[in-house]
Amino acid sequence: APQYPTINREAPNILVTGTPGVGKSTLCKKLAEVTALRWLEISKIAKDNNCLQEYDPEFDTHVLDEDKLMDGLEEVMSIGGNIVDYHSSEFFPERWFDVVFVLTADTSSLYDRLNLRGYSGKKLESNIECEIFKICLDEAKQFYRTQIVHSLESINEAQLEENVQKICQWIQMWLNN
Ligand code: DAT
């Protein structure tokens, strides 16, 4: 793999991860509105840039061309000031992120949200299991320094607002240092 120089970012890169339906895009959209950070919705970027590989009918999803996607994101990530939104965290270079927020929700709320989104069968089940077994939190803790990984519950509107506040405070702290 090519070696990229380590540069000092002028604004932080934030990873927002968690099981589909926990509220990542809702939170990221708000954060992008109240901060000057760029919201990078990885699923959408992958789709728009032909980074989707074969379709997996069992889970009704596509396999990502991770290398192509990472190469395409390298430049914008080196600049800094990004909020990256994706349900998986293990294939990003660790050096990209200054902090990782893992959103969580209770299974009953998550079930309702995914059902409303039209998920059913194996796709719905596997996402609920993913939340029950805290797969996204474990993945983040495994691949990033545990001190930079924070879990945030996102069950209701009040928590959504609290999370926006917490992340804004974190950004301010980062900028002050
Ligand atoms: P994700 O991007 O993680 O897949 P989303 O932002 O699309 O999730 O949210 C899924 C649904 O849940 C959507 O209908 C909005 C709703 N939602 C998100 N965060 C919420 C919160 N804190 N309280 C109540 N509903 C929320």
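What you see is a predicted model; the values in this text were computed from it and never measured.

## Here's the deal with the site of the ligand
Around the ligand there are 15 residues in total, and Gly23, Lys24, Ser25, Thr26 and Leu160 lie nearest to it. For the shell around the ligand, the secondary structure elements donating two or more residues are α1 (24–34) and α7 (157–176). When the residues that make up the shell around the ligand are grouped by side-chain class, the tally is four nonpolar, eight polar and three charged.

## Concerning helix α5 (residues 121–132)
Side chains that are three or four residues apart share a direction in an α-helix, a result of its 3.6 residues per turn. When the terminal C-alpha atoms of α5 are compared, their 17 Å separation across twelve residues agrees well with the 16 Å that a helix rising 1.5 Å per residue should span. The first or second residue beyond α5 is Lys134, which carries a positive phi of 50 degrees.

## With respect to the packing of α1 against α7
At a minimum axis distance of 10 Å, the contact between α1 and α7 shows a crossing angle of 50 degrees. Between α1 and α7, the angle is such that the two are oblique. Here α1 runs over α7; the crossing is right-handed. Contacts between α1 and α7 involve Thr26, Leu27, Lys30, Leu31 and Val34 from the former and Leu160, Asn163, Val164, Ile167 and Cys168 from the latter.

## A look at α7
Between its first and last C-alpha, α7 extends 29 Å over 20 residues, near the 28 Å set by a 1.5 Å rise per residue. Among all positions of α7, only Asn163, Ile167 and Ile171 are buried. Looking down the long axis of α7, one finds its buried residues gathered within 75 degrees of arc, a one-sided arrangement. Pointing more than 90 degrees away from the buried face of α7 are the exposed residues Ala158, Glu161, Gln165, Gln169, Gln172, Met173 and Asn176. Turning to α7, the residues buried within the fold contact β1 (14–17), α1, β6 (99–104) and β7 (149–153).

## Re the confidence of the model for the protein chain
For the protein chain, per-residue confidence averages 94 on the pLDDT scale, and 96% of positions sit at 70 or higher. Scored by ipTM, the complex comes to 0.99, with pTM at 0.95.

## Quick word on the sheet that holds β6
Reading across the sheet, the five strands line up as β2-β5-β1-β6-β7 and stay open at both edges, with parallel pairing between neighbours. Pairing within the sheet leaves two strands with one partner each, and these edge strands are β2 (38–41) and β7. Ignoring which end each strand starts from, the neighbouring axes of this sheet average 20 degrees apart. With four bridges connecting them, β1 and β6 associate as parallel partners. Paired with Leu15 across the strands is Val100, a residue of β6.

## As for the environment of Thr104
Position of Thr104 among the secondary structure elements: in strand β6. Its 19 C-beta neighbours within 10 Å are what place Thr104 among the partly exposed residues. Residues Thr104 and Ile155, spaced 51 residues apart in sequence, show a C-alpha to C-alpha distance of 7.7 Å. Contacts of Thr104, omitting those with residues within four sequence positions, involve Gly18, Val22, Ser151, Glu153 and Ser154.

## Side note on the nonpolar core
Of all hydrophobic cores here, the largest spans 32 residues; its most connected members are Ile14, Val16, Ile83, Val84, Val100 and Val102. Those residues in contact with Val102 that sit more than four places away from it in its chain are Thr17, Gly18, Cys136, Leu137, Ala140, Val149 and Ser151.

## Points about the pairing of β1
Burial of the side chains of β1 extends over both faces: Ile14 and Val16 are buried on one face and Leu15 and Thr17 on the other. Pairing of β1 with strand β5 (residues 82–85) involves three bridges; the strand directions are parallel. Paired with Val16 across the two strands is Asp85, which belongs to β5.

What counts and what doesn't
- Residues numbered from 1 in each chain as written.
- Predicted model: local features only at pLDDT ≥ 70, side-chain atom pairs only at ≥ 80, totals over all residues.
- Near = placed C-beta within 6 Å.
- Helix = DSSP H or I, 4+ residues; strand = E, 2+ residues; numbered from the N terminus.
- Nonpolar A, V, L, I, M, F, W, Y, C, P; charged D, E, K, R; others polar.
- Expected span 1.5 Å × (residues − 1).
- Axes fitted to C-alpha atoms, helices over the stretch in contact; angles between N-to-C directions.
- Parallel < 35°, antiparallel > 145°, perpendicular 65-115°, else oblique.
- Left-handed = near helix turned anticlockwise from the far one by under 90°.
- Contact = placed C-beta atoms within 7 Å.
- Buried ≥ 20, exposed ≤ 12 C-beta atoms within 10 Å, placed from the backbone.
- Arc of directions from axis to C-beta.
- pLDDT = per-residue confidence, 0-100.
- Pairing = 2+ DSSP bridges.
- Core = buried A, V, L, I, M, F, W, Y, C linked by C-beta atoms within 7 Å.

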